[in-house]
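Coordinate inspection notes
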Amino acid sequence: MSSSINTACKSHNVHGALVTGVFICLAMVAVAQDAPLRVPSNAVAGQAASIATTGSGSATFYLRGPSISLKRDVELGQNIDLSAKELQTSGDYVAILCAGSCSSARFFVAPGKPATLTFLVHPSRAPVGLNDGINGVALTFDQFHNLVLAPATVQFELTAKGSTPTSRNVQTHDGIAWFRTSSGKSAGALQISASLNDVVARRVVQQVASDPCNLRIKGQRTAKGILVETEPVRDCSGNPVPDGTIVTFTAKDGHEVSFVDAPVKQDIARATMVAKGSVVVSAASGVATGNELRLGGQE
Amino acid sequence: MKQDYSYMKHHVRMRVSAMILLALLSSPTLFAADNAPQVTLDASKTSPRSVEALTQRAIVRDYKFAWTNLDAAMESNSAGLLNSLFAGTANDSLRGTVSSQQRTGMTSRYLNQRHKLEAVFYAPVGDVIELHDTAEYDFEIHDGDKTIHNEHAIVHYVVLMTPGADRWVIRQLQAVPQF
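Let me sum up the structure you'll find in this document. Numbering of residues begins from 1 in every chain and follows the order in which that chain's sequence is written. In the order they appear in the text, chains get letters beginning with A and ligands get numbers beginning with 1. Residue-level local features of this predicted model are given only where pLDDT is at least 70; pairs of side-chain atoms are given and counted only at 80 or more, and the full residue set underlies all totals for whole chains, interfaces and linings. Derived side-chain values reflect all non-hydrogen atoms in the structure, with water molecules and hydrogen atoms excluded from consideration.

What follows is about the overall build of chain A. For helices the rule is a DSSP run of H or I covering at least 4 residues; for strands it is a run of E covering at least 2, with both sets numbered from the N terminus onward. Counting its regular elements, chain A contains one helix and 27 strands. Throughout, exposure labels follow a simple rule: accessible area from a 1.4 Å probe, protein chains only, divided by the maximum for the residue type, with under 20% read as buried, over 50% as exposed, and the rest as partly exposed. Within the span of chain A, comprising 299 residues, buried residues form 43% of the whole. When checking whether two residues touch, look at their non-hydrogen atoms; a contact exists if any pair is within 4.5 Å. Counting only contacts in chain A whose residues sit at least 6 apart along the sequence, the fraction spanning at least 24 positions is 55%. Within the structure as shown, chain A displays about 15800 Å² of accessible surface, and the carbon and sulfur contribution to it stands at 50%. For the accessible areas, the method is Shrake-Rupley and the probe is 1.4 Å, while residue cover comes only from the protein chains on display.

Okay, structure coming up:
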């Protein structure tokens, strides 16, 4: 909170007048301590407050805040009431009283209690077993969307199907609390909540299988060539990889090499390859390679 | 004759110099440069993610642009100037000020701005940054032609910015008594 008289103390160009100017300015500051308005010292957003005035007669009152600018005729010596709506936005306000000359005082309106949490979680899909792969940021706001800067404890809770929920408490700093964690071992929905008192925000991260692991294939000759297929394709944690994951089959027939890309469908990738002689078939998906399969020539 | 020619040459040179000087002094870009907010950013203590040099430059550029337009919007009571630089709560609040200034016939100015920004939080994936701004400016409030308030203000702001398609936008601009 501060007070000032609003006549500019700037226009003293001549050196000789400088000392006089300084005295005038100091005198004005001294007068400002007795400014005819007393502003609230602990105003809170969304709560009515009043400004006390001294003196007598009529004056014009102005209020300039972060989202408001108002002008009102007032009687000096009476309180100026400010409604809850006029003080909804947290920040600095300047109250000005003009009766002949103008006096002003500055005051702050603090945010209210936390009423909403803005909760940002990334990513929306994460492969299992990813180190520090999931993070969340919670921002605390009051009911008027002012950032609540007072420290508060946000509880983050992570719940995955088939595993014990884990939680951690993080204190906000300048209205922000955040966490970072690794993804779990099992594919499925990971429920993440951020709560502060009775305010809760929930998000879901879909944990998906990681890259294929331990690829194994089997095959047989048919009338059209060779039918090869994988065993159920899983990641290293045993989660079936999603449909559409590409498996590349390679057949080596002497000096000839042929490739077929096949998508996984219901855990298995399947392909028919044309080869007459004895062939060696292998499969790969991502960085995983499978066993080699030797099939004799067609009779 | 030769002396006359020399005199004329000197006279023309003087006039050209004077015209160039006049043109420079009256150039709006020169004044714009002088009145443009000065913005510095210290991102040395940011966590959990460090702010890349290119991002720092973009934030300084866009914050400066935002305050230039904020001053212009408050001077001319044109809320349109706030578009695309302020979003969400910050935009709503400033629009509220502009519309109530229009109703009351008031205007305000933020002159000789200097902003010392400190990045205090940068989200792990870079989708939100929190800044502390120690702003210094000459704050004027006018009722019509009459100046009713004029002070050299030092104001502390907590600022939230998020990246847009091609710029950083201010989502929260909240003054606090101190950091």
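Turning to the pattern of salt bridges, a few remarks are in order. In what follows, salt bridge is the name for a side-chain nitrogen of Lys or Arg lying within 4 Å of a carboxyl oxygen of Asp or Glu. The full count for this structure, using the stated rule, is 13 salt bridges over all chains. With its nearest N and O atoms 3.3 Å apart, the salt bridge here joins Asp166(B) to Arg167(B). Judged by its relative accessible area of 25%, Arg167(B) falls in the partly exposed class. Because the salt bridges share partners, they merge into one network encompassing Asp92(A), Arg106(A) and Glu151(B).

With 39 residues of chain B at the interface, the matching set in chain A holds 41 residues. Note on definitions: buried area is the accessible-area loss of two parts on being combined, 1.4 Å probe, summed for both. When chain B packs against chain A, the two sides together hide about 3200 Å² of surface, and 58% of this comes from carbon and sulfur. Remark: the boundary between chain B and chain A carries two salt bridges. We note a salt bridge from Asp143(B) to Lys71(A), for which the minimum N-O separation is 2.9 Å. Here a polar contact is taken to be a pair of N or O atoms separated by no more than 3.5 Å, where protein atoms must pair a possible hydrogen donor with a possible acceptor and residues adjacent in sequence count only if both atoms sit in side chains. Along the contact surface separating chain B from chain A lie 15 residue pairs in polar contact (both at pLDDT 80 or more). Among the secondary structure elements, those contributing two or more residues to the side of chain B that touches chain A are helix 4 (88-104), strand 3 (106-122), strand 4 (129-143), strand 5 (146-163) and strand 6 (168-176) of chain B.

The next subject is unusual backbone geometry. Residues and elements named next belong to chain A. Here the residue pair His122 and Pro123 is connected by a cis peptide bond, since its omega of -10° sits within 30 degrees of zero. With respect to the element layout, Pro123 can be found in the loop between strand 10 (116-122) and strand 11 (125-127). The backbone phi angle of Asp174 is positive, close to 55°, even though this residue is not glycine. Given a relative accessible area of 16%, Asp174 falls into the buried group.

Moving on to the sheet that holds strand 7 (residues 80-82) of chain A. Residue and element names in this part refer to chain A. Between any two strands, at least two bridges found by DSSP are needed for them to pair. Across the sheet, three strands lie side by side as 2-4-7; this open sheet has antiparallel pairing. The outermost strands of the open sheet, each flanked by one partner alone, are strand 2 (37-38) and strand 7. Here strand 2 runs beside strand 4 (residues 49-53); their pairing, made up of two bridges, is antiparallel. When the sheet's bridge partners are listed, Leu37 is paired in strand 4 with Thr53.

Aromatic pairs are defined between Phe, Tyr and Trp rings, using the six-membered ring for Trp, whenever the two ring centres lie within 6.5 Å; interplanar angles under 30 degrees are classed as stacked, those over 60 as edge-to-face, and all others as tilted. Taken as a whole and judged by the stated rule, the model has eleven aromatic pairs over all chains. For the ring pair Phe156(A) and Phe179(A), a centre distance of 4.7 Å and an interplane angle of 45° mean the geometry is tilted. Of this pair, Phe156(A) sits in strand 13 (residues 153-160) while Phe179(A) sits in strand 15 (residues 176-181), and the two are 23 residues apart along the sequence. Note on Phe179(A): relative accessible area 2%, which makes it buried. Through successive ring pairs, a cluster of aromatic residues spans Tyr63(B), Trp67(B), Tyr110(B), Tyr137(B), Phe139(B) and Tyr157(B).

This paragraph deals with helix 3 (residues 53-76) of chain B. Residue and element names in this part refer to chain B. One less than the number of residues in a helix, times 1.5 Å, gives the span that helix is expected to have. Taking 1.5 Å of rise per residue, the 24 residues of helix 3 would be expected to cover 34 Å, and the 35 Å separating its terminal C-alpha atoms lies within 8% of that figure. Within helix 3 the residues assigned to the buried category are Thr55, Ala58, Ile59, Asp62, Tyr63, Ala66, Trp67, Asn69, Leu70, Asp71, Ala73 and Met74. Note on helix 3: the residue one or two positions beyond its end, Asn77, has a positive phi of about 55°.

So, on to the packing of helix 3 of chain B against helix 4 of chain B. All names here are of chain B. Helix axes use the C-alpha atoms of the stretch in contact, all axes being lines fitted to C-alpha atoms, and the angles between their N-to-C directions lie in the range 0 to 180 degrees. Contact pair helix 3 / helix 4: the axes reach a minimum separation of 9 Å and the direction vectors enclose 25°. Relative to helix 4, helix 3 is oriented roughly parallel. Where helix 3 abuts helix 4, its residues Leu70, Ala73 and Met74 lie against Leu94, Thr97, Val98 and Gln101. Residue composition of the contact of helix 3 with helix 4, grouped by class: five nonpolar, two polar and no charged. Comment on the angle field: the value is read as roughly parallel under 35 degrees, roughly antiparallel over 145, roughly perpendicular from 65 to 115, and oblique elsewhere. Note that Gly is not counted as nonpolar here; it falls among the polar residues with everything else outside the nonpolar set of Ala, Val, Leu, Ile, Met, Phe, Trp, Tyr, Cys and Pro and the charged set of Asp, Glu, Lys and Arg.

Using a probe with the size of a water molecule, rolled over the atoms, empty space left in the structure can be pinpointed. If you add up the space inside the largest pocket, you get close to 450 Å³. Detection works on a 1 Å grid of protein atoms alone, calling trapped sets that fit a 1.4 Å probe cavities and calling open sets with protein on both sides within 12 Å along at least five of seven lines pockets, with lining residues defined by an atom within 4 Å of a point. Around the largest pocket, the lining is made up of 23 residues, and of these Ala110(A), Pro111(A), Leu149(A), Val176(B) and Pro177(B) lie nearest the centre. Top element by residues in the lining of the largest pocket is strand 9 (residues 101-110) of chain A. It accounts for four residues. Grid points are joined across faces, edges and corners, and a volume is the space filled by probe spheres set on the points.

Let us look at the environment of Val169(B). Residues and elements named next belong to chain B. Looking at the element boundaries, Val169 is found in strand 6. Distance in space between the C-alpha atoms of Val169 and Met74 is 18 Å, their sequence separation being 95 residues. Discounting chain neighbours no more than four positions away, the residues touching Val169 are Ser84, Leu85, Ala87, Leu160, Met161 and Thr162.

Residues and elements named next belong to chain A. Criterion for a disulfide: a pair of cysteine sulfur atoms at a distance within 2.5 Å. Summed over all chains, the structure comprises two disulfides over all chains. Note on cysteine connectivity: Cys98 is disulfide-linked to Cys102, with sulfurs 2.0 Å apart. Its S-S torsion of approximately 110° makes the covalent link between Cys98 and Cys102 right-handed. Note on Cys102: relative accessible area 8%, which makes it buried. Residue pairing for Cys213: its cysteine sulfur links by disulfide to Cys236, the two sulfurs lying 2.1 Å apart. An S-S torsion of about 90° defines the bridge between Cys213 and Cys236 as right-handed. You can see Cys213 sitting in strand 18 (residues 212-213) and its partner Cys236 sitting in the loop between strand 21 (234-235) and strand 22 (246-253), a full 23 residues away along the chain. Residue class for Cys213 comes out buried when judged on its relative accessible area of 17%.

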